[in-house]
There are 2 protein chains.
Amino acid sequence: MNKVIETILNHRSIRHFADKPLTDEQIKTIVSCAQAAATSSFIQAYSIIGVKDKKKKKQLAELAGNQEYVAVNGHFFVFCADLYRHTLIGQQEQKSVIPSLESTEKFMVALIDTALAAQNAAIAAESIGLGICYIGGLRNHLEEVKAILKTPERVIPLFGLAVGYPTKVTGKKPRLPFEHIYHEEEYEQNQQEYLQQLRQYDDVISSYYHERTNGTRQDRWTEQMANMLTRQNRMYMKDFVQKNKLNLR
Amino acid sequence: MNKVIETILNHRSIRHFADKPLTDEQIKTIVSCAQAAATSSFIQAYSIIGVKDKKKKKQLAELAGNQEYVAVNGHFFVFCADLYRHTLIGQQEQKSVIPSLESTEKFMVALIDTALAAQNAAIAAESIGLGICYIGGLRNHLEEVKAILKTPERVIPLFGLAVGYPTKVTGKKPRLPFEHIYHEEEYEQNQQEYLQQLRQYDDVISSYYHERTNGTRQDRWTEQMANMLTRQNRMYMKDFVQKNKLNLR
């Protein structure tokens with residue numbers, strides 16, 4: 001196993017960081033790695049906002065559901081899907097780009113581009129001994145997050161990436177079985193087998209929680225998922241995105 | 001610079017592969033790396049389909065716009081956003097998960113999850129000397145792609161990842177200036193500066209093409225983008241996604 005694969009397989013989310021800032025060089029390396037990712041038709045449809053200001057980080061932490069590690073870390077990156085610059089380009093080049101920019105297709109492209117870049121950033125950070133945690137909680141209150149970060153139209157802050165020196169490292173959570181995620185030639189349609197795999201995985205996850213919590217927790221994964229999905233989180237998202245002139249047609 | 005950062009910064013899309021299949025072990029390593037990526041609320045909302053069958057690869061190559069390297073490579077992965085398993089889970093657990101699964105938020109989560117996993121796969125493949133190319137062209141004809149891969153409802157084939165032994169390696173394309181992508185504390189709103197950066201980048205890209213094509217091409221980036229966006233590609237996407245019961249509310 002080479003160093004790259006070792007780094008990738010060793011990933012775990014870190015939720016306790018030292019209050020020690022990253023250097024400008026570290027930030028530059030992480031962002032350059034993000035930019036090196038592939039991008040659909042070379043569109044580069046994302047921006048990254050780095051937040052250092054403690055007051056601002058505290059505000060974002062509260063909006064993200066009082067997550068301490070959003071406030072205390074080495075650096076807080078916000079990854080934004082960004083089709084604002086392409087709006088400007090359309091004006092400059094006097095071309096009719098708006099129908100494209102408002103399409104679901106380009107919304108998808110911007111999301112994918114942003115995530116590819118973010119994962120490069122995450123791996124790069126981990127490779128230099130830093131820990132990371134993605135912060136989807138930023139999407140709890142995007143109006144407020146947009147106001148704090150002053151993002152223009154056609155820019156959606158998608159998630160944060162807290163990066164820093166880990167002070168507490170947790171275990172790796174087992175993933176879905178390989179056979180459940182990976183299919184050959186076509187999508188596996190055998191529902192009985194599929195459900196059987198989920199039951200086996202439920203046992204794995206139950207044991208994982210059981211061991212980790214000295215028996216106080218033993219949730220099944222399917223139970224977690226069903227409960228999480230019943231809650232109907234962030235149902236304002238469609239309106240929010242469309243108000244920002246994306247995913248409209 | 002460590003091996004991980006070196007691998008990430010050395011990325012370029014490979015469009016010429018030897019007709020030599022990956023081993024099962026290589027495939028397993030690549031998929032395991034994909035699965036090691038972070039996933040929103042542990043939802044694991046993606047699946048990967050590996051295509052080996054030559055006839056099927058040829059069909060996909062044609063649908064993706066006659067891209068030879070979709071047919072001839074070491075392995076062809078299709079990364080799919082997947083909320084089908086969560087539909088089954090809802091049935092099994094007898095919980096009302098459908099409104100969540102049909103939300104724009106969960107559609108975004110599935111796209112982001114899939115892309116994070118894919119980028120891990122890409123980096124892992126590159127780290128063992130393989131080349132990769134993302135194939136967004138699969139989205140040209142998703143009805144046909146879905147039929148070939150037999151994906152159920154709430155599964156969207158997002159893009160392909162052609163992986164293999166490179167037979168021709170091209171140069172790295174320069175990315176947007178660091179200052180244009182990365183902002184501190186808040187999104188840069190100085191439009192004049194922003195446009196100035198784009199003009200500088202246009203010069204960089206023009207020179208890149210000029211050198212690479214012995215003077216026959218010297219497109220500016222903003223010109224490329226404006227032309228690409230004027231074409232209104234894949235405007236069927238919104239209907240297609242909604243027909244597959246995602247991004248509805």
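Residues numbered from 1 in each chain as written. Chains lettered and ligands numbered in written order. Predicted model: local features only at pLDDT ≥ 70, side-chain atom pairs only at ≥ 80, totals over all residues. Heavy atoms only, no water.

(A) Region of interest: the overall build of chain A. Each helix and strand counted, chain A has 12 helices and five strands in total. Relative to the compact-globule value of 18 Å for 249 residues, chain A shows a C-alpha radius of gyration of 20 Å, a close match. Along the first, second and third principal axes, the C-alpha atoms of chain A reach 60 × 45 × 40 Å. The proportion of buried residues among the 249 residues of chain A is 60%. The long-range share in chain A, meaning contacts at least 24 apart out of those at least 6 apart in sequence, stands at 79%. Just so you have it, chain A exposes about 9700 Å², and 46% of that area is on carbon and sulfur atoms. With 32 positive and 28 negative side-chain charges, chain A shows a separation of 8 Å between the mean positions of the two kinds. (Helix = DSSP H or I, 4+ residues; strand = E, 2+ residues; numbered from the N terminus. Rg over C-alpha atoms; globule rule 2.2 N^0.38 Å. Buried < 20%, exposed > 50% of the residue type's maximum accessible area, 1.4 Å probe, protein only. Contact = heavy atoms within 4.5 Å. Areas by Shrake-Rupley, 256 points an atom, 1.4 Å probe, with all protein chains shown as cover. Lys, Arg positive; Asp, Glu negative; His and termini not counted. Charge placed at Lys NZ, Arg CZ, Asp CG, Glu CD.)

(B) Highlighting the interface of chain A and chain B. Chain A puts 120 residues into the contact, and the matching count from chain B is 120 residues. Both sides together, the interface formed by chain A and chain B hides about 10700 Å², and carbon and sulfur atoms give 63% of it. Taken as a group, A:F42, A:E185 and A:Y187 account for 8% of the area that chain A buries against chain B, more than any other trio of residues on that side. Inspection of the chain A/chain B interface yields 12 salt bridges. Residue A:E105 pairs with B:R234 through a salt bridge whose shortest N-O separation is 2.8 Å. Summed over the shared surface of chain A and chain B, the result is 57 residue pairs in polar contact (both at pLDDT 80 or more). In terms of residue count, the dominant contributor to the side of chain A that touches chain B is helix α7 (residues 104-127) of chain A (15 residues). Of the residues that constitute the side of chain A that touches chain B, the class distribution is 61 nonpolar, 35 polar and 24 charged. Bridge analysis of strand β1 (residues 46-51) of chain A against strand β5 (residues 182-184) of chain B gives three bridges, and the strand direction is parallel. Considered in β5(B), the bridge of A:I48 is made with B:Y182. (Buried area = accessible area lost by both parts, 1.4 Å probe. Salt bridge = Lys/Arg side-chain N within 4 Å of Asp/Glu carboxyl O. Polar contact = N/O pair within 3.5 Å; in protein donor to acceptor, adjacent residues only side chain to side chain. Nonpolar A, V, L, I, M, F, W, Y, C, P; charged D, E, K, R; others polar. Pairing = 2+ DSSP bridges.)

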